[in-house]
Amino acid sequence: MTAANPRIGIIGTGAIGGFYGLMLARAGYDVHFLLRSEYAAVAEHGLRVNSAVHGPLLLARPQIYRDAAQMPPCDWLLVGAKSTSNQALAPVIAQAAAPDCKVVLLQNGLAVEDALRPQLPADVHLLGGLCAICAHRSAPGVVEHQALGGVNLGYHSGPADDEARAALLNQIVEMFRKAGVDSSAMPSLEQARWLKLVWNVPFNGLSALLDAGTEALIGNADSREQIKAIMQEVCDAARARGLSLPEGLPEKLLLGTARMADYLPSMYHDHVHGRPMELDAIYAAPLAAAAEVGVAMPRTELLYHALRFVEARGRG
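1. Brief notes about the packing of helix 6 (residues 189-210) against helix 8 (residues 221-240)
Where helix 6 meets helix 8, the closest approach of the two axes is 9 Å, and the angle between their N-to-C directions is 150°. The chirality of how helix 6 crosses helix 8 is right-handed. Facing Trp194, Leu197, Val198, Trp199, Val201, Pro202, Phe203 and Leu206 of helix 6, the residues of helix 8 in contact are Ile227, Ile230, Met231, Val234, Cys235, Ala237 and Ala238. Its residues assigned to classes, the contact of helix 6 with helix 8 comprises 15 nonpolar, no polar and no charged.

2. Looking at the packing of helix 11 (residues 279-292) against helix 12 (residues 298-314)
Following both chains from N to C, one finds helix 11 and helix 12 inclined at 145°, their axes separated by 10 Å at the closest point. Between helix 11 and helix 12 lies a crossing whose hand is left-handed. Residue-level inspection shows Leu279, Asp280, Tyr283, Ala284 and Leu287 of helix 11 in contact with helix 12, the latter providing Thr300, Glu301, Leu303, Tyr304, Leu307, Arg308 and Glu311. In the contact of helix 11 with helix 12, the residues fall into seven nonpolar, one polar and four charged.

3. Description of the side chain of Glu311
Residue position: Glu311 is located in helix 12. Given a relative accessible area of 17%, Glu311 falls into the buried group. Excluding its chain neighbours within four sequence positions, the residues that come into contact with Glu311 are Arg275, Pro276, Met277 and Leu279.

4. Thoughts on helix 11
If you check helix 11, its first and last C-alpha atoms are 19 Å apart, about what 14 residues at 1.5 Å a residue would give, namely 20 Å. Taken residue by residue, helix 11 has Leu279, Ala281, Ile282, Tyr283, Ala285, Pro286, Leu287, Ala289 and Ala290 as its buried positions. As for helix 11, its buried residues are in contact with helix 4 (112-116), helix 6, helix 8, helix 10 (266-272) and helix 12. Positive backbone phi, at 75°, marks Gly294, one or two positions downstream of helix 11.

5. Thoughts on the pairing of strand 1 (residues 7-11)
The element strand 1 is extensively covered by neighbouring structure, given that five of its five residues are classed as buried. In strand 1, alternate side chains face the same way, and those of Arg7, Gly9 and Ile11 on one face and Ile8 and Ile10 on the other are all buried. Taken together, the five bridges between strand 1 and strand 2 (residues 30-34) define a ladder with parallel strand orientation. Directly across from Ile11, in strand 2, lies its bridge partner Leu34.

6. Thoughts on the pattern of salt bridges
Under the criterion given, the structure shown has twelve salt bridges. The residue Asp100 makes a salt bridge to Lys102 at a minimum N-O spacing of 4.0 Å. A salt bridge links Lys228 to Glu251; its shortest N-O distance comes to 3.0 Å. Here Lys228, found in helix 8, pairs with Glu251, found in helix 9 (residues 249-259); they are 23 residues apart in sequence, far enough to count as distant. The class of Glu251 is partly exposed, set by a relative accessible area of 28%. Here the salt bridges do not stand alone but share partners, grouping Lys82, Asp270 and Arg275 into one network.

7. Let's talk about the nonpolar core
Burial of nonpolar side chains together is a common tendency in soluble globular proteins. By size, the foremost hydrophobic cluster in this structure holds 42 residues, and its most contacted members are Ile8, Tyr20, Leu24, Leu78 and Phe176. The biggest single contributor to this core is helix 1 (residues 15-26), with eight residues. Sequence-distant contacts of Leu78, that is, excluding residues within four places in its chain, are made with Ile8, Gly9, Ile10, Ile11, Leu24, Val104, Leu106, Ile172 and Phe176.

8. Examining the environment of Ala96
In this structure, Ala96 sits in helix 3 (residues 89-96). On the basis of relative accessibility, which here comes to 0%, the residue Ala96 falls in the buried class. Counting along the chain gives 21 residues from Ala96 to Asp75, while the straight-line C-alpha distance between them is 9.1 Å. If sequence neighbours within four positions are ignored, Ala96 has contacts with Ala68, Met71, Pro72, Pro73, Cys74 and Leu77.

Thresholds, definitions, all that
Residues numbered from 1 in each chain as written. Predicted model: local features only at pLDDT ≥ 70, side-chain atom pairs only at ≥ 80, totals over all residues. Heavy atoms only, no water. Axes fitted to C-alpha atoms, helices over the stretch in contact; angles between N-to-C directions. Helix = DSSP H or I, 4+ residues; strand = E, 2+ residues; numbered from the N terminus. Left-handed = near helix turned anticlockwise from the far one by under 90°. Contact = heavy atoms within 4.5 Å. Nonpolar A, V, L, I, M, F, W, Y, C, P; charged D, E, K, R; others polar. Buried < 20%, exposed > 50% of the residue type's maximum accessible area, 1.4 Å probe, protein only. Expected span 1.5 Å × (residues − 1). Pairing = 2+ DSSP bridges. Salt bridge = Lys/Arg side-chain N within 4 Å of Asp/Glu carboxyl O. Core = buried A, V, L, I, M, F, W, Y, C linked by side-chain atoms within 4.5 Å.

Right, here's the structure in full:
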């Protein structure tokens, strides 16, 4: 395939993969979806996104596969699967990747690329994508998109030099923009991941522990104060690692969240449905990175251990 007409594979067609894959397919890109348990539903009813931003969207006949070995070689692979499944990801990528493939991890958390890189072929480019989106899967092949949708992207590792890295980032940014998705290239992937952690660390964990959405969490003085304090811990850790974050970021994020419709983050849905929560990527990795530079994050650590207790109890 040419750069102007790349073949795109979606690994993990849940809320994230389903939304971005559908948007790219609607823009005319050659998109191929890997499905497992939802294959039959999507084959019969298509892939649907009920979007508060774009209206009801339907991809009636998506190109879908049960097995990565059945997919054609893809120039780009967008990984929407949760980081909890990353141990099994490398063989899937190897089966679906064309030579010089660009793999984009659309995942939460920190250092997810570091763990995957050693398992990938040397000619694969590895990028990270940070999705600012309120979306969840409500039924097999059905995504509820409440708000936002932008993607910030950074190059992690691979055979490209600086000039080629910039060109690849510009290419994926333009693909998203053509699909109606706001997108930007980030000079530092680590910075982009810490920026997203400032919101994700408090809201994901507290929503699962307290059985509450964003509206209730910021509407209560006690929980709002804890959220702000946890956000500040994340900011302090990032700055101690030499990263630049905007001043007053916690308050800005709280104000932005207050303007959103009530939202239940992904960890809430994972907890409610008995799925593994992304505790390593969203909590363990940032805590370890902060400890490396001598920064304590006591509120974040308490939240992490409380979530570990809840998850262990849920497993019986």
